[in-house]
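Per-entry structural report
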Amino acid sequence: MSVTAVLRAAQVARVLAASTLGRLPLGAAPVALLLYARESLSIGAAGLLVGVYTAGLAVGGPVLARIADRLRQPPVMLFGAAVSTAGFVVLAQGVPLWAALLAVLLAGLGAPPFEAGLRVLWRDLLAEEEVPTAYTLDIAVQELIFILGPLVAGAAVAIGGGVAGVYATAGLQLLGTVWFVTTPVVRGWRGEAAERHWAGALRSGSLRLMLTAVVLVGAGVGSLPVALLDYAETVGHRSWSSWLLAAQAVGALIGGLVNTRLKVDGRRLPLLGLLLGLGYLPLLLTPASALLMVPLAILCGFCLPPLLAATFLTVDRVAPAGTAAEAFAWVATAFSVGAAAGAALAGAILDSFASTRAGFVLPPVVILLAVPWLRPVARQVRAFQS
């Protein structure tokens, strides 16, 4: 099934566009918070704001998704968007640091779980054979969030200052939420009736294995911006780090589009993890010219969408009945937690070793460590399909 055919299916283009708009703050918020804090607070406070916001996302996503599994998506996502918007608005009032930290915590906790909300819809909208293409398309389009989000935040700040960046982030999220929850398929979706358990989706052993692997992959991917910033400052100017991260996102976009033809599934998880880790090794060359680093950045992003697509397809199979949205949210949380840990570890490594190359050692190592955790999951998927 082609991408064009999937997009032509009823409501698919709308839910994909609405969720993408609502998720732009994932790319915009860190930039907006950093620029806002640099105007009114300090660089240390800027880091704290981003860290607390990310922690809020990690906690709030699975909680809201679990509630949506038991109730419906619209009231949960609208409530979350209201809480998150209130947090951003309070922050924009120029409050003291303690209040700013509380505000961004609320902004993160309330962020609607668009990833989980979208991915439970595919089987309602599409035939079974079309679902893998939808997952891959979703993940490829998601790269636009991390290309356009920072650009939108930067433009808003350039026009109206740090406060404008905060308001623009909140506005995008609120607009995307309203557009998404008013879609007929979202209004009509109901979680699967099933026996509830206090552990929710986490009672699945296969899911726990996958989440461990996702944390490791997230650590590798999350450490890259720190390493690229150090590299950019060494070879020229720190602004090159943004271009190199954009190049990585372009590589991921290409990989996602290619995967719409390949349609890899959970049986290939270990191979995809291996290829992703190996794709980061050429970065260790750290060429003297940042221009030569661009194709290496594109290469390292290529295998991430196929790996994530196969991950989400597998989660859909191994999640306990009635916990699909929560399971997808846990994957997003695991990736975010890993990314935060990877960034912190990369910073510590670069502080300890006076070598730009040292920052590029971590990504391939931790990603390759994820492969053993994926092997038993792949065996279970093969058993399902045999």
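This text follows the structure it describes.
Residues numbered from 1 in each chain as written. Predicted model: local features only at pLDDT ≥ 70, side-chain atom pairs only at ≥ 80, totals over all residues. Heavy atoms only, no water.

**Digging into the nonpolar core**
The test is simple: Take the buried Ala, Val, Leu, Ile, Met, Phe, Trp, Tyr and Cys residues and link them wherever side-chain atoms come within 4.5 Å; each set so joined is a nonpolar core. Summary of the burial criterion: residues with accessible area below 20% of their type's maximum are buried, those above 50% are exposed, and those between are partly exposed, where the area comes from a 1.4 Å probe applied to protein chains only. Counting from the N terminus, the helices are DSSP H or I runs at least four residues long and the strands are E runs at least two residues long. We call two residues contacting when some pair of their heavy atoms lies within 4.5 Å.
In this structure, V15, W122 and F180 are the most contacted members of the largest nonpolar core, which totals 75 residues. Here the element with the most residues in this core is helix α11 (residues 205-235); it accounts for 13 residues. If we skip the residues at most four places from it in the chain, V15 touches L118, L121, W122, L125, F180, T183, V185 and V186.

**Comments concerning the pattern of salt bridges**
Our working definition: Salt bridge, as applied in this entry: a Lys or Arg side-chain nitrogen positioned within 4 Å of an Asp or Glu carboxyl oxygen.
Overall, the coordinates contain three salt bridges when judged by the stated rule. Two residues, D138 and R119, come together in a salt bridge whose shortest N-O distance is 2.6 Å. In this pair, D138 is assigned in helix α8 (residues 131-160) and R119 in helix α6 (residues 114-119), connecting sequence segments 19 residues apart. Summarising the burial analysis for this pair, D138 and R119 share the class buried. A single salt-bridge network, built from bridges that share partners, covers R23, E115, R119 and D138.

**Remarks on a nonpolar patch on the surface**
Basically, it comes down to this: Distance thresholds for patches are 9 Å for like charges and 5 Å for nonpolar side chains (Val, Leu, Ile, Met, Phe, Trp, Tyr), applied to residues having over 30% relative accessible area and no salt bridge. The protein chains shown are the only cover counted for residues, whose accessible areas, like all others here, come from Shrake-Rupley with a 1.4 Å probe.
Taken together, the side chains of V250, I254, V258, L262 and F302 present a nonpolar region at the surface, about 390 Å² in accessible area. Looking at the secondary structure, you find I254 in helix α12 (residues 240-262).

**A look at the environment of L26**
Mapping L26 onto the fold places it in helix α2 (residues 12-40). The spatial distance from the C-alpha of L26 to the C-alpha of V318 is 27 Å, given a sequence separation of 292 residues.

**Observations concerning the packing of helix α4 (residues 73-91) against helix α9 (residues 162-181)**
Convention followed: Fitting a line to C-alpha atoms yields each axis, with helices limited to the stretch in contact; the angle taken between N-to-C directions then spans 0 to 180 degrees. Our angle categories are set so that under 35 degrees counts as roughly parallel, over 145 as roughly antiparallel, 65 to 115 as roughly perpendicular, and the remainder as oblique. Gly is put with the polar residues, along with every residue not named as nonpolar or charged; the nonpolar set is Ala, Val, Leu, Ile, Met, Phe, Trp, Tyr, Cys and Pro, and the charged set is Asp, Glu, Lys and Arg.
One way to put it is that α4 packs onto α9 with a least axis distance of 9 Å and a crossing angle of 170°. The angle between the axes of α4 and α9 places the two elements in the roughly antiparallel class. When α4 is examined against α9, the residues Q73, P74, M77, L78, A81, S84, T85, F88, V89 and L91 are found in contact with a partner set consisting of V166, Y167, T169, A170, Q173, L174, T177, V178, F180 and V181. Counted by class, the contact of α4 with α9 contains 14 nonpolar, six polar and no charged residues.

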